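Structural description and commentary
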Amino acid sequence: AFNTASNWSGNLVPASSGVTTSLTFSGWSAATPIITFANSFQANSLTFNGSNVNYQLTGVGGAVLGLGSGGITANGGATITLLSSLPIQLLANQTWQATNATDLLAQGVISGAFKITKTGNFGLTLSAANTFSGGFSLNDGELYLGTSSTGTPGAVTSGPVGTGTLTFGTSQTLGVNGAATTL
């Protein structure tokens, strides 16, 4: 469990701070480590290292993960699943990036008034009715949308890329309802 001191380097559970705390996950012996947040927690950044590892982050008891300007970084081909039981609150504009064909699946609702920028050649799946309003920028790789937007044209109230503007770089892939299109 997240709050177990022996699970952390130095036997010390990290302090919650969206400005200073950076969580790094690596060296897991299990192929599918499940990290359970029993309380809401704020981190400036999340970093995942390792190949052939499927990290799963989950929450219980209404826990929410606040994520600061450091965003999410994945290295080495790990798959990261932010389960629907762990909503994400954006605390600042941020970049979600990865290397070596990593997949990131965000199943929980993402909220906040900030922007996500996706960089790196990896697949990102957004499958909740997200409400974050800062926009989404797809700079590299693939984006898969697993739900429909709600609202009216020009007044979206929720959707996989939130309620802000969706922008594209060059030559990205957008997948909607299982069909991929290269833009």
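Right above here is the structure, for reference.
Residues take numbers from 1 onward in each chain, read along the sequence in its written order. Whole-chain, interface and lining totals are the exception, using all residues; otherwise, since this is a predicted model, local features are given only for residues with pLDDT of at least 70 and side-chain atom pairs are given and counted only at 80 or more. Excluded from the side-chain calculations are hydrogens and water; all other atoms, namely the structure's heavy atoms, are used.

A few words now on the environment of Gly164. Tracing the chain through its elements places Gly164 in the loop between strand S16 (155-158) and strand S17 (166-168). Considered as a pair, Gly164 and Phe136 are 28 residues apart in the sequence and their alpha carbons are 7.0 Å apart. Once you skip the residues sitting within four places of it in the chain, Gly164 turns out to touch Phe132, Ser133 and Gly135. Segments assigned H or I by DSSP are reported as helices when at least four residues long, segments assigned E as strands when at least two residues long, and all are numbered from the N terminus. Contact definition: two residues touch when any of their heavy atoms are within 4.5 Å.

Okay, the pairing of strand S9 (residues 103-106) next. Covered by surrounding structure in S9 are Leu104 and Ala106 only, the residues Asp103 and Leu105 on the alternate face being uncovered. DSSP calls a pair of strands paired once it identifies at least 2 bridges connecting them. Two elements, strand S6 (residues 79-82) and S9, share four bridges in a ladder whose sense is parallel. Along S9, the bridge assignment pairs Thr81 with Leu105. In the sheet, S9 pairs with strand S12 (residues 123-126) via four bridges, with the strands oriented parallel. Residue Ala106 lies in a different strand from S12, and its bridge partner there is Leu126. For every residue, the accessible area (1.4 Å probe, protein chains only) is compared with the maximum for its type, and the residue is labelled buried under 20%, exposed over 50%, or partly exposed between those bounds.

This part is about the side chain of Ser45. Looking at the secondary structure, you find Ser45 in strand S3 (residues 41-49). The exposure class of Ser45 is buried, given its relative accessible area of 10%. Discounting residues that sit within four places of it in the chain, Ser45 has contacts with Thr21, Ser22, Leu23, Leu67, Gly70 and Gly71.

Right, let's get into the environment of Ala74. Its location among the elements puts Ala74 in strand S5 (residues 65-75). Classification of Ala74 by relative accessible area gives buried; the value is 3%. In sequence terms Ala74 and Gly120 are 46 residues apart; their C-alpha atoms lie 9.8 Å from each other. The residues touching Ala74, leaving out its near neighbours within four places in the chain, are Phe48, Ile80, Gln97, Ala98, Thr99 and Thr102.

To pair, rings of Phe, Tyr and Trp, with the six-membered ring standing in for Trp, must have centres within 6.5 Å; the planes then decide the type, stacked if under 30 degrees apart, edge-to-face if over 60, and tilted in the middle. Scanning the model with the defined rule gives four aromatic pairs in all. Where Phe25 meets Tyr55, the ring centres are 6.4 Å apart and the plane angle is 50 degrees; that geometry is what we call tilted. Taken together, the positions of Phe25 in strand S1 (residues 17-25) and Tyr55 in strand S4 (residues 54-59) put the pair 30 residues apart, joining distant regions of the chain. With respect to class, Phe25 is no different from Tyr55; both count as buried. Ring plane angle 55 degrees and centroid distance 5.2 Å describe the contact between Phe48 and Tyr55, whose orientation is recorded as tilted. Take Phe48 and Tyr55: they sit in the same class, and that class is buried. Here the aromatic cluster, defined as three or more aromatic residues joined through ring pairs, consists of Phe25, Phe48 and Tyr55. Ring-over charges, as used throughout, are those where CZ of Arg or NZ of Lys falls within 6 Å of the ring centre and within 35 degrees of the ring normal. The ring of Phe122 has Lys118 sitting right over it, with the charged end atom 3.9 Å from the ring centre.

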